[in-house]
Amino acid sequence: MQTRKKYIFLTFLASWLLLFFFGGDQLRRFAFFSGRKAEARRNWPRWTDRTLLRSFADPEELQRDGDPALLSPRERRAAWLSVYKSSRCRMETCFDFSRCERHGFKVFTYPQERGQPVSETYSKILSSIERSRYHTPNPEEACLFILSIDTLDRDHLSAQYVRNVDEKIRGFPLWNGGRNHLIFNLYSGTWPGYTGELGFDIGRAILAKASFDTQSFRPGFDVSIPLFSKDHPQRGGDRGWLYQDSVPPKKKYLLVFKGKRYLTGIGSGTRNALHHIHNGKDIISLTTCKHGKDWEKHKDTRCDKDNVDYERFDYQELLHNSTFCIVPRGRRLGSFRFLEALQAACIPVLLSDGWELPFSEAIDWGKAAVVGSERLLLQIPSAVRCIHPARGLAFQQQTQFLWDAYFSSVDKIVHTTLEIIKDRLSPPRSRSRLLWNALPGGLLVLPDFSTHLGDFPFYYLQHGYSPSKKFTALIWVVSQAGSLSQPILRLIQAVSGSQYCAQIVVLWSCEKPPPPSGKWPQSAVPLTIIQGRRKLSDRFFPFEAIQTDAVLSLDEDTSLSTSEVDFAFSVWRSFPERIVGFPTQSHFWDPEQGRWGYTSKWTNELSIVLTAAAFYHRY
């Protein structure tokens, strides 16, 4: 019996030894490739693949938060679930589409209650909605509802924190568990964990939130918005620093960062490690711990030297003179420097793991930003050096387009949020990602008219389309004389003499009827007269009479020669997405009046072409 047990034991031991020597390598390969596949599913660029690049950073330094009071993952998950009780919400399950069928996409803002505090920023958001094309004062017509309660700052240590929100919203008869409601939020959670807690149950409401975590973000339902300051302009806004179609000079710096360094708490790990990449030449990475009330209590051996170096460089100068700007996470995932980098045409290098980027449902950030990993900070310099200058220029130009189209004012941020939600109501009529990510942008190309790219001249170049080789002349006549004046006769003769003219349409807006056909000059092209229009905007209306892509809009007193008309048309065919004409003006934002102004004074820039004599696309 003992001998039998000995043989069984030896056989079992030999089997394990054979498995180790002959099968161990296969097991290790299996584990290796499994790890590779798991990481491949992450939306990181190839240069952040840890299996291909060696990390020179101390993992403990990069991951250390420096505060033992931080919540565990389980506690953070529990806190999140307490806020997002309807975490499985989708438009199909938590949104009542029937409210939008009769009156379309209308938005109602709750009336302000007396004595209810509202921050300056939230007042701007409400004002933007009330000035939009979708606002309605009638809640019966509304498809979407906006609370009058200020929910932007939900840090209970903040002076802007509004208490008892749960109790207040439950008293609203239109609340309906949050269904068809949109809630705006910029700051959530508080020290030390900043979990994203709002302090009230949002129910089935859509959340438009800054610093959105990908784990709590509900795709196709919530909207991630950028973090912006209270000084962000309501309307207008400054343009980007890189002019469209201009080639910037070679920048002095490759990669820069200047900002706070947190000594303790969440977000301190990444910022504490930024000094490793500073070389004082083309990479400038400066931090200071001199902020907050108790910074001296927590100061380390680097603080004094860091503070001295920090004062040697101007932040705005660094933005102007660098190709790439590091945008690390702060206490929360988002930070103000994201929009600052966009405006400055400084390509954002994002170090904020798990951040759902603003308007990611519509915007392709892979064309305007570099998404890195906090754990692979030391690989960033070599990665950005590998980006070809031509691609870098394309990134910079895209930052300017995105800034001007969606982020330069509160109006644009709010309207982009509303347009994204509106697109969800009818997916077949929604904008494609190309419409969102190419000039002129999703706010100016309305799917209510068409979703076919061929109907929009902005996309001819990308798709190989070209406009028709003929144009229609549209002459606006408003003088009260019952007969044809000499300027009108000369204008018709000059236009009809063009080899590209297909037809002439006269909009006769006089009180007296137009002269009989025998009184009109002989023309080599068809002449159509449309009578009875009064409004100036009516010159853009008669689509049924126009058979060509190009329209030459003319006032009756315009004086042009045939050669001038031919030249202008040849220029327009090269730029069919633009207005090409003769009389010009320039516009500007008047901060004192709080509105746009324009001037005809001669300047080095022209932004307006008047339709008194101009070509434009009929659509």
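Keep in mind the model is a prediction, meaning the values are calculated, not measured. Along each chain, the written sequence defines residue order, and numbers are assigned to residues from 1. The predicted origin of the model limits local features to residues at a pLDDT of at least 70 and limits the giving and counting of side-chain atom pairs to 80 or more, whereas totals for whole chains, interfaces and linings rest on all residues. Values shown for side chains rest on all heavy atoms present in the structure; no hydrogens or waters enter the calculation.

A. Structural detail: the packing of helix 13 (residues 389-407) against helix 14 (residues 410-425). Helix axes use the C-alpha atoms of the stretch in contact, all axes being lines fitted to C-alpha atoms, and the angles between their N-to-C directions lie in the range 0 to 180 degrees. Working definition: helices are DSSP H or I runs of at least four residues, strands are E runs of at least two. Numbering for both runs from the N terminus. One way to put it is that helix 13 packs onto helix 14 with a least axis distance of 7 Å and a crossing angle of 80°. One way to sum up the angle between helix 13 and helix 14 is to call them roughly perpendicular. Taken together, the residues of helix 14 that come into contact with helix 13 (itself represented by D404, A405, Y406 and F407) are K412, I413 and T416. When residues are grouped by polarity, Ala, Val, Leu, Ile, Met, Phe, Trp, Tyr, Cys and Pro land in nonpolar, Asp, Glu, Lys and Arg in charged, and all others, Gly among them, in polar. Within the contact of helix 13 with helix 14, the residues separate by chemical class into 4 nonpolar, 1 polar and 2 charged. With respect to orientation, any angle under 35 degrees is reported as roughly parallel, any angle over 145 as roughly antiparallel, any angle of 65 to 115 as roughly perpendicular, and every other angle as oblique. A contact between two residues is defined here by any heavy atoms of the two lying within 4.5 Å.

B. Quick peek at the pattern of salt bridges. One speaks of a salt bridge when a side-chain nitrogen belonging to Lys or Arg is within 4 Å of a carboxyl oxygen belonging to Asp or Glu. All chains considered together, the criterion is met by 14 salt bridges. One salt bridge in this structure joins D411 and R131, with 2.8 Å as the shortest N-O distance. Separated by 280 residues along the polypeptide, D411 in helix 14 and R131 in the loop between helix 5 (120-130) and strand 2 (144-146) bring together distant segments of the chain. Judged by its relative accessible area of 38%, R131 falls in the partly exposed class. Burial classification: accessible surface area is computed with a 1.4 Å probe over protein chains only, and a residue below 20% of its type maximum counts as buried, one above 50% as exposed, and the rest as partly exposed.

C. Main features of the side chain of S148. Note that S148 resides in the loop between strand 2 and strand 3 (153-154). Using a relative accessible area of 1% as the deciding quantity, one classes S148 as buried. By the criterion applied in these results, polar contacts are pairs of N or O atoms within 3.5 Å in which, for protein atoms, one can donate a hydrogen and the other can accept it, and in which residues neighboring in sequence qualify only through two side-chain atoms. Of the polar contacts made by the side chain of S148, one reaches the backbone oxygen of P111; its length is 3.3 Å. The residues contacting S148, other than those within four sequence positions of it, are Y110, P111, Q112, Q116, V118 and Y122.

D. Quick look at the pairing of strand 10 (residues 322-328). Within strand 10, 7 of the 7 residues are buried, which leaves it mostly tucked inside the rest of the structure. Looking at chain direction, strand 8 (residues 253-260) and strand 10 are connected through 3 bridges and run parallel. From the neighbouring strand, L255 faces strand 10, where its bridge partner is F324. Alignment of strand 10 against strand 11 (residues 347-351), held across 5 bridges, turns out to be parallel. Each bridged residue has a counterpart across the sheet, and for I326 the counterpart in strand 11 is V349. Strands are labelled as partners when DSSP assigns at least two bridges between them.

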